Amino acid sequence: CLRQQAWLADARGFNCCMNAEGDAAIRRCIDIFAECRKRHPQSVVRHSLSDLECPHPNDIPRMAELGLFAEVYAQILLLNTCEAEAYMRERYGEGREAQFYDYAALFGAGVTVTIGTDLPLFIPSVPDSMYAACSRQFPDGSPVNGWYRERGMTRQQL
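Draft legend 1. Spatial organisation of the environment of cysteine 16. Tracing the sequence through the fold places cysteine 16 in the loop between α1 (2-11) and β1 (17-20). What makes cysteine 16 buried here is its relative accessible area of 12%. A C-alpha to C-alpha distance of 8.9 Å links cysteine 16 and phenylalanine 33, two positions 17 residues apart in sequence. Aside from chain neighbours lying at most four places away, what touches cysteine 16 is Ala6, Ala9, Phe33, His47 and Ser48.

Below is the structure:
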């Protein structure tokens, strides 16, 4: 089971990175890492979560408290051709759509954010990925003022 594998790696001093996208998966991974910390409170191991498409706002401070890294992939936003066809609202509804790619909340809580990339798998341009993280615009330029731009990154945070 994933939990036992993480416990074993942690006990042996290995950093673990778990891929989690939705809020339930992210919470489950954070719970596992919290258990690792409880088992080995003096450990200097730093675990991480990758993708983090839609963390629940209550889990972001937990990540900071545990010293978890957030490995985000800013170019994912560019896989949606335009705001009208983006999957975020369809997947979580209008009320929770803004939770997607909420980099500002991660930085605000003190989570160490690293920006990874699946390049050149989908988007073969690092500058385009950086632009998406800051401008929060889809490839067609929508929306004009950015998609929840206040939840993006600043150029200094890149």
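Draft legend 2. How the structure looks around the pattern of salt bridges. One pass over the structure, following the stated rule, counts nine salt bridges. Here aspartate 59 makes a salt bridge to arginine 62, at a shortest N to O gap of 3.2 Å. With a gap of three residues between them, aspartate 59 and arginine 62 both fall in helix α3 (residues 59-66), about one helical turn apart. For arginine 62, a relative accessible area of 23% corresponds to the partly exposed category. Between arginine 151 and glutamate 150 there is a salt bridge, and its shortest N-O distance comes to 3.9 Å.

Draft legend 3. Molecular detail of the packing of aromatic side chains. Counted under the stated rule, the structure contains seven aromatic pairs. Taken together, a centroid distance of 5.9 Å and an interplanar angle of 85 degrees make the contact between tyrosine 87 and phenylalanine 100 edge-to-face. One end of the pair, tyrosine 87, is in the loop between β3 (69-72) and α4 (88-92); the other, phenylalanine 100, is in the loop between α4 and α5 (103-109), and 13 residues separate them in sequence. Assessed through its relative accessible area of 1%, phenylalanine 100 is described here as buried. Judged by centre distance (5.1 Å) and plane angle (80 degrees), the rings of tryptophan 147 and tyrosine 148 are edge-to-face. On the accessibility criterion, tryptophan 147 (2% relative accessible area) is buried. Positioned above the aromatic ring of tryptophan 7, the side-chain terminus of arginine 39 is 3.5 Å from the ring centre. Positioned above the aromatic ring of phenylalanine 69, the side-chain terminus of arginine 46 is 4.3 Å from the ring centre.

Each value, and the rule that gives it
Residues numbered from 1 in each chain as written. Predicted model: local features only at pLDDT ≥ 70, side-chain atom pairs only at ≥ 80, totals over all residues. Heavy atoms only, no water. Helix = DSSP H or I, 4+ residues; strand = E, 2+ residues; numbered from the N terminus. Buried < 20%, exposed > 50% of the residue type's maximum accessible area, 1.4 Å probe, protein only. Contact = heavy atoms within 4.5 Å. Salt bridge = Lys/Arg side-chain N within 4 Å of Asp/Glu carboxyl O. Phe/Tyr/Trp six-rings, centres within 6.5 Å; stacked < 30°, edge-to-face > 60°. Lys NZ or Arg CZ within 6 Å of the ring centre and 35° of its normal.

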